[in-house]
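Overview (structure and organization)
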Amino acid sequence: LNGMGIVDLTRGLPSDQVESARAAYKQALDFHEAVIRKFDLPSGDLGVALASSIAGAWMAYNNKPFPDAYYLPLVNQMRRQIGSPAASLQGLADSERTAIYEGLAVAGMLLASSQITWQRNPRAPGAQALRERMRTQGGETLSRMLRVAPEKVAIGPTGVRAQP
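Presented here is an overview of the structure given in this document. Computed from a predicted model, the values in this text were never measured in an experiment.

Time to look at the packing of helix α2 (residues 18-38) against helix α5 (residues 94-120). Between α2 and α5, whose axes approach to 8 Å, the crossing angle comes to 90°. In terms of orientation, α2 lies roughly perpendicular with respect to α5. In contact with Tyr-25, Ala-28, Leu-29, Phe-31, His-32, Glu-33 and Ile-36 of α2, α5 contributes Tyr-101, Glu-102, Ala-105, Val-106, Met-109 and Leu-110. Residue composition of the contact of α2 with α5, grouped by class: 10 nonpolar, one polar and two charged.

What follows concerns the pairing of strand β2 (residues 159-162). Inspection of the sheet shows strand β1 (residues 153-156) paired to β2 by four bridges, in the antiparallel sense. Its bridge partner lying in β2, Gly-156 is registered against Gly-159. With antiparallel pairing between neighbouring strands as the criterion, β1 and β2 make up a hairpin whose turn holds two residues.

Core analysis: the biggest nonpolar cluster contains 43 residues, and Leu-41, Phe-66, Tyr-71, Leu-74, Met-78, Val-153 and Ile-155 have the highest contact counts within it. Breaking this core down by element, the ones donating at least two residues are α2, α3 (46-62), α4 (71-83), α5, α6 (127-146) and β1. Not counting residues up to four positions away in its chain, the partners in contact with Leu-41 are Ile-36, Val-48, Tyr-71, Leu-72, Val-75 and Arg-79.

Turning our attention to the pattern of salt bridges. Applying the stated criterion to the full structure yields four salt bridges. A salt bridge links Lys-26 to Asp-30, with the shortest nitrogen-to-oxygen separation between them at 2.7 Å. In this pair, Lys-26 and Asp-30 both sit in helix α2, four residues apart, roughly one turn of the helix. Linking Arg-79 and Asp-45 is a salt bridge whose minimum nitrogen-to-oxygen distance equals 2.8 Å. One end of the pair, Arg-79, is in helix α4; the other, Asp-45, is in the loop between α2 and α3, with 34 residues separating them in the sequence.

Per the counting criterion, the structure on display carries two aromatic pairs. Ring centres 4.9 Å apart and planes at 50° place the aromatic pair Phe-39 and Tyr-71 in the tilted group. Here Phe-39, found in the loop between α2 and α3, pairs with Tyr-71, found in helix α4; they are 32 residues apart in sequence, far enough to count as distant. No difference in accessibility class separates Phe-39 from Tyr-71, as the two residues are buried. Centre to centre, the rings of Trp-58 and Phe-66 are 5.6 Å apart; their planes meet at 85°, and the pair counts as edge-to-face. In this structure, Trp-58 and Phe-66 share a single accessibility class: buried. We note Arg-135 situated over the ring of Tyr-61; from NZ or CZ to the ring centre the distance is 3.9 Å.

Attention shifts here to the environment of Lys-38. By the secondary structure assignment, Lys-38 is in helix α2. With relative accessibility at 72%, the residue Lys-38 sits in the exposed group. Taking C-alpha positions, Lys-38 is 27 Å from Asp-8, a pair spaced 30 residues apart along the chain.

For the rest of this paragraph, the subject is the packing of α5 against α6. It is the contact of α5 with α6, at a shortest axis distance of 10 Å, that shows an interaxial angle of 145°. Both α5 and α6 take part in a crossing whose hand is left-handed. Residues Leu-104, Leu-111, Ser-114, Gln-115, Thr-117 and Trp-118 of α5 lie in contact with α6, whose contacting residues are Ala-127, Leu-130, Arg-131, Met-134, Gln-137, Gly-138, Thr-141 and Met-145. Across the contact of α5 with α6, the residue classes break down as seven nonpolar, six polar and one charged.

Right, let's get into α4. Here α4 contains 13 residues, and its C-alpha end-to-end distance of 18 Å stays within 8% of the 18 Å for a straight helix at 1.5 Å per residue. Buried residues of α4: Tyr-71, Pro-73, Leu-74, Val-75, Gln-77, Met-78 and Ile-82, and no others.

What counts and what doesn't
- Residues numbered from 1 in each chain as written.
- Predicted model: local features only at pLDDT ≥ 70, side-chain atom pairs only at ≥ 80, totals over all residues.
- Heavy atoms only, no water.
- Axes fitted to C-alpha atoms, helices over the stretch in contact; angles between N-to-C directions.
- Helix = DSSP H or I, 4+ residues; strand = E, 2+ residues; numbered from the N terminus.
- Parallel < 35°, antiparallel > 145°, perpendicular 65-115°, else oblique.
- Contact = heavy atoms within 4.5 Å.
- Nonpolar A, V, L, I, M, F, W, Y, C, P; charged D, E, K, R; others polar.
- Pairing = 2+ DSSP bridges.
- Core = buried A, V, L, I, M, F, W, Y, C linked by side-chain atoms within 4.5 Å.
- Buried < 20%, exposed > 50% of the residue type's maximum accessible area, 1.4 Å probe, protein only.
- Salt bridge = Lys/Arg side-chain N within 4 Å of Asp/Glu carboxyl O.
- Phe/Tyr/Trp six-rings, centres within 6.5 Å; stacked < 30°, edge-to-face > 60°.
- Lys NZ or Arg CZ within 6 Å of the ring centre and 35° of its normal.
- Left-handed = near helix turned anticlockwise from the far one by under 90°.
- Expected span 1.5 Å × (residues − 1).

And the structure:
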């Protein structure tokens with residue numbers, strides 16, 4: 001990992017916010033790496049990062065923990081999607097793949113941590129605003145990544161699918 005995804009995420013922020021954002025994003029990436037080690041998954045795998053981003057968005061949108069039993073099937077499904085010719089990711093340079101990996105992993109962990117924070121103390125000051133923000137951001141992420149309305153996203157033992 002080269003930190004380029006984190007640099008990309010901080011681009012456009014006011015200069016007085018860049019260092020604190022970079023530290024928060026680095027912490028989220030480190031947390032992601034610890035989580036995937038529990039599943040014996042490799043760092044830098046775009047299928048893993050896509051699955052993490054979808055899982056975090058699903059958690060934020062639905063305000064529920066992501067079932068561990070569904071994570072590996074989701075990773076495998078994303079790996080198959082990336083491997084398809086339609087994915088057009090084969091031609092990416094290593095630096096581009098790393099930046100995409102880091103960006104997806106950080107986004108997923110930030111969304112997941114919002115849900116975990118809310119769950120730990122749903123009556124804390126600002127908790128209702130956090131819940132609304134995470135639902136909106138989770139829904140937008142799911143819609144953007146899966147091109148389906150977030151309320152139609154179903155997660156199960158075979159990965160993610162759109163329900164009617």
